[in-house]
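Commentary on secondary and tertiary structure
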Amino acid sequence: MLTLCIDVGGTGIKGNVFAETGEAKGERIRLETPRPATPEAVLQTALTVARGHQDFDRVSCGFPGVVENGVVMTAPNLDGDWGGFELQAALETHLGKPARVANDADVQGLAVIEGKGVEFVLTLGTGLGSGLYVNGHCVWNLEFGHHPWNEKETYEDRVDEAARKEIGNKKWAKRVLAIPARLAPIFNYRRLYLGGGNASRLTQADFPPNVQLIDNTAGMLGGLKLWSAT
Ligand code: BGC
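Keep in mind the model is a prediction, meaning the values are calculated, not measured.

Looking only at helices and strands, the chain has seven helices and twelve strands in total. Computed over C-alpha atoms, the radius of gyration of the chain comes to 17 Å, within 12% of the 17 Å expected from 2.2 N^0.38 for 230 residues, which places it in the range of a compact globule. Expressed as a percentage of the 230 residues in the chain, the buried residues total 49%. Per element, the accessible surface of the chain, about 10,500 Å² overall, is 50% carbon and sulfur. Distance from the positive charge centre (23 side chains) to the negative charge centre (27 side chains) of the chain: 7 Å.

Pasting the structure below:
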């Protein structure tokens, strides 16, 4: 069983084929996210990534917004009218394979969680993604990034890619460091994982032991788990 895992991001759309063991069976392909990132343009780019691969039996896709039953509800960092776009059905029709689409952070977390107690995932990229898992079950579509940090800003506003570029890595890293301190007393998570493209700009030693930096490849690998996820 070979799974084509696609990760749709605000700057890049990535894809590779994986065996059930997690072994990569192809070359990772990355294309720039088209701008404006309308449903049709993003779909076409995802299809180009998919067609760069042969031999896969099913398709998993992480998408940067709320996704219910394979239908996109929101896409804050993309363009155009995404509400109601049937991305999962479109991938199935064009590729002729069964497909599953879910929120990108939810998918990413599936690759790293241990399945015990409360586990929380934050992804640092164009936006701030979040995933919450209870004994391995995903609380789908938690949009923690849009929660207010103060009267003016959301958590996402403070640590998204636009903020990092504006204030520089040092200040940005300080802001990220302040997030677990706020979340821990509310969620009492066993573990918090920090992933996404910008996690590599952080230093593990700065965080408490139950906060773990994770590799961005989880963004794609989580797609393997999406088929058995609950
Ligand atoms: C979206 C989330 C997404 C995150 C990371 C946020 O702006 O609301 O759904 O997971 O960006 O892509």
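On to the site of the ligand, then. Neighbouring the ligand are Pro64, Gly65, Pro76, Asn77, Asn103, Asp104, Gly127, Leu128, Gly129, Glu143, His146 and Glu156. One nitrogen or oxygen atom from the side chain of Asn103 is found 2.9 Å from an oxygen atom belonging to the ligand. A distance of 2.6 Å separates an oxygen atom of the ligand from a polar side-chain atom of Glu156. Relative to its free-state accessible area of 310 Å², the ligand is covered by the protein chains to the extent of 95%. For the shell around the ligand, a count of residues per class yields three nonpolar, six polar and three charged.

The next point concerns the packing of aromatic side chains. Following the criterion strictly, the structure yields eight aromatic pairs and no others. Grouped by ring-pair contacts, the aromatic residues Phe120, Phe144, Trp149, Tyr155, Phe187 and Tyr189 constitute a single cluster.

A word on the nonpolar core. Ranked by internal contacts, the top residues of the largest apolar core, which has 27 residues, are Ile6, Phe63, Leu87 and Leu91. Only β1 (2–8), β2 (12–19), α1 (39–51), β4 (58–63), α2 (87–95) and β7 (99–103) provide two or more residues apiece to this core. Element by element, the count of residues in this core is highest for α1, at six residues. Sequence-distant contacts of Leu87, defined by excluding residues within four places in its chain, comprise Leu43, Cys61, Phe63, Gly70, Val72 and Val101.

Rules and cut-offs
Residues numbered from 1 in each chain as written. Predicted model: local features only at pLDDT ≥ 70, side-chain atom pairs only at ≥ 80, totals over all residues. Heavy atoms only, no water. Helix = DSSP H or I, 4+ residues; strand = E, 2+ residues; numbered from the N terminus. Rg over C-alpha atoms; globule rule 2.2 N^0.38 Å. Buried < 20%, exposed > 50% of the residue type's maximum accessible area, 1.4 Å probe, protein only. Areas by Shrake-Rupley, 256 points an atom, 1.4 Å probe, with all protein chains shown as cover. Lys, Arg positive; Asp, Glu negative; His and termini not counted. Charge placed at Lys NZ, Arg CZ, Asp CG, Glu CD. Near = heavy atom within 4 Å. Polar contact = N/O pair within 3.5 Å; in protein donor to acceptor, adjacent residues only side chain to side chain. Nonpolar A, V, L, I, M, F, W, Y, C, P; charged D, E, K, R; others polar. Phe/Tyr/Trp six-rings, centres within 6.5 Å; stacked < 30°, edge-to-face > 60°. Core = buried A, V, L, I, M, F, W, Y, C linked by side-chain atoms within 4.5 Å. Contact = heavy atoms within 4.5 Å.

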